[in-house]
Amino acid sequence: PPGTVCREPVMTIDLLPTLARLVSAELPADRPIDGLDVWPLLVGEPDARSPHEAYFFTQGRDVRAVRSGPWKLHLKPVQLYNLAEDIGESNNVAGEHPEMVERLSALAGQKQQNLRENARPMGRAER
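Residues numbered from 1 in each chain as written. Predicted model: local features only at pLDDT ≥ 70, side-chain atom pairs only at ≥ 80, totals over all residues. Heavy atoms only, no water.

### Some points on the pattern of salt bridges
What the rule picks out here adds up to seven salt bridges. Here R21 ties to D37 by a salt bridge, and the two come within 3.1 Å at their closest N and O atoms. Here the residue R21 occupies a position in helix α1 (residues 15-22), and D37 occupies one in the loop between α1 and α2 (39-42), the gap between them amounting to 16 residues. Residue R21 is classed as partly exposed on the basis of its relative accessible area of 43%. E53 serves as the salt-bridge partner of R103, at 3.8 Å between the closest nitrogen and oxygen. Linking R103 in helix α3 (residues 98-118) with E53 in the loop between α2 and β1 (55-59), this pair joins segments that are 50 residues apart in sequence. You can call E53 exposed: its relative accessible area is 52%. (Salt bridge = Lys/Arg side-chain N within 4 Å of Asp/Glu carboxyl O. Helix = DSSP H or I, 4+ residues; strand = E, 2+ residues; numbered from the N terminus. Buried < 20%, exposed > 50% of the residue type's maximum accessible area, 1.4 Å probe, protein only.)

Okay, here's the thing in structure tokens:
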């Protein structure tokens with residue numbers, strides 16, 4: 001709504017599920033869809049939160065970084081940033097928050113395994 005600010009992250013992967021909901025379309029069931037419906041955030045529902053536990057930044061089939069809440073972990077080399085306090089990612093706080101590095105690394109590992117098991121062959125799309 002006018003005059004409001006949403007501070008929850010939303011990414012382009014969320015457009016397909018959100019638009020599908022709006023037009024009452026079913027999402028494909030034959031492949032994983034990474035995005036989730038973020039309509040409550042877009043219309044400013046009270047207390048609306050991101051439906052994602054984490055967002056993953058990938059290159060090909062490799063997870064390069066993961067974001068959960070204000071935390072973003074780069075995997076190689078390991079760097080942790082609190083984006084609420086450091087949007088420019090200039091102060092690596094990995095040494096101060098090993099529990100967050102461990103948590104986000106575990107999420108990245110799960111996503112990495114999922115990518116390797118479920119990704120279609122790279123360089124071509126099958127119809």
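### Some points on α3
The end-to-end C-alpha distance of α3, which contains 21 residues, comes to 30 Å, matching closely the 30 Å that a straight helix rising 1.5 Å per residue would cover. Every buried residue of α3 is listed here: M100, V101, L104, L107, A108, K111, Q112 and L115. Projection of α3 onto a plane perpendicular to its axis shows the buried side chains occupying an angular sector of 145 degrees, all on one side. In this structure, α3 carries E102, Q110, R116 and E117 as exposed residues pointing more than 90 degrees from its buried face. Where α3 is buried, its residues touch β1, β2 (62-68), β3 (71-74) and β4 (79-82). (Expected span 1.5 Å × (residues − 1). Arc of directions from axis to C-beta. Contact = heavy atoms within 4.5 Å.)

The values reported here are purely geometric and, on their own, carry no functional implication.
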